[in-house]
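# Residue-level structure breakdown
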Amino acid sequence: MINRHKNTASSAANLNVHVQGQGFPILCLHGHPGSGSSLSVFTNHLSKRFQTIAPDLRGYGKSRFNGNFNMNDHLTDLEALLDRYQIKKCLILGWSLGGILAMELALRLPERVTGLILVATAARPRGNHPPVSWQDNLYTGVAALLSCIKPDWRWNIETFGKRSLFRYLIQQHTPTAYKYIAKEAVPAYLQTSAFATRALYTAIGAGYNRLVDLEEIQCPALVLAGEGDRHITVDASLETSRYLKDCQSHCYPNTAHLFPWEIPNQVLRDIDRWLEKNRHILG
């Protein structure tokens, strides 16, 4: 899926970046579909004490890119981004695909990555998502549209949301979760290019397993997983945590792949506790 070869800086895409706060840098990497702004649940909180740098990956958000590319190109882009901002050391937070890229950067740039926060991700990702029907897609479209108009509309949540594909992304159908879906998931989905989708699914089809390489990662890691995740199973996430040398993990019951939007306060508290415990990685 991803190799160690470093492309030249000239081949890197100039990514659109969302920067907040001041202090030790935390590079925040989104999933698929996604964008830097879809990480606000983390960046709005962490930027009160740190500098958060949340790029739109190549082919996502406002980082428009016409043409085919592969997953390794994301690493080229991100290394160039660190150089552009003159970041010698940083912590990386990655959600889903972003977590895979975070681990890859830690393997590629061990001297620059001081710690990893890995959210709903795995070094050997596996899912158990059921087949998608036309009715699933219809209800998802209706639920998303109505959520954009009125995110806390309980009738929409009960009538369409719980019957849509959202039922595999969240377990707690709260107004808070639907506000995030309306504000961040829907725009991110619409701005994800076909080239980005092709790059991801080509990599998945080729198989991806970096478990045996994780022993090379020396920095502390925090693995967070939703018990009901159907996109990257909790077993896959916890398997990854066992291969990391210095790792703490949390599994959240009654949540799924978008658990940071379901239980944001609990997730942020656990991240804060881990950061307090590992203050040596922040300077």
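Here is a short report on the structure shown in this document. (Residues numbered from 1 in each chain as written. Predicted model: local features only at pLDDT ≥ 70, side-chain atom pairs only at ≥ 80, totals over all residues. Heavy atoms only, no water.)

### Examining the side chain of Asp-270
Along the polypeptide, Asp-270 turns up in helix 11 (residues 264–277). The class of Asp-270 is buried, set by a relative accessible area of 7%. Ignoring sequence-local partners within four residues, the contact set of Asp-270 consists of Leu-222, His-250 and Tyr-252. (Helix = DSSP H or I, 4+ residues; strand = E, 2+ residues; numbered from the N terminus. Buried < 20%, exposed > 50% of the residue type's maximum accessible area, 1.4 Å probe, protein only. Contact = heavy atoms within 4.5 Å.)

### Some thoughts on the packing of aromatic side chains
Counted according to the given criterion, the structure contains nine aromatic pairs. For the pair Tyr-139 and Phe-160, a centre-to-centre distance of 5.7 Å together with 65 degrees between the ring planes defines the contact as edge-to-face. Of this pair, Tyr-139 sits in helix 4 (residues 134–149) while Phe-160 is found in the loop between helix 5 (154–159) and helix 6 (166–169), placing the two residues 21 residues apart along the sequence. Given a relative accessible area of 15%, Tyr-139 falls into the buried group. The buried category is assigned to Phe-160, whose relative accessible area is 16%. Taking the centre distance of 5.2 Å and the plane angle of 35 degrees together, the rings of Trp-153 and Trp-155 count as tilted. Among the residues examined, Trp-153 registers a relative accessible area of 33% and is labelled partly exposed. Here the aromatic cluster, defined as three or more aromatic residues joined through ring pairs, consists of Phe-42, Trp-95, Tyr-180 and Trp-261. (Phe/Tyr/Trp six-rings, centres within 6.5 Å; stacked < 30°, edge-to-face > 60°.)

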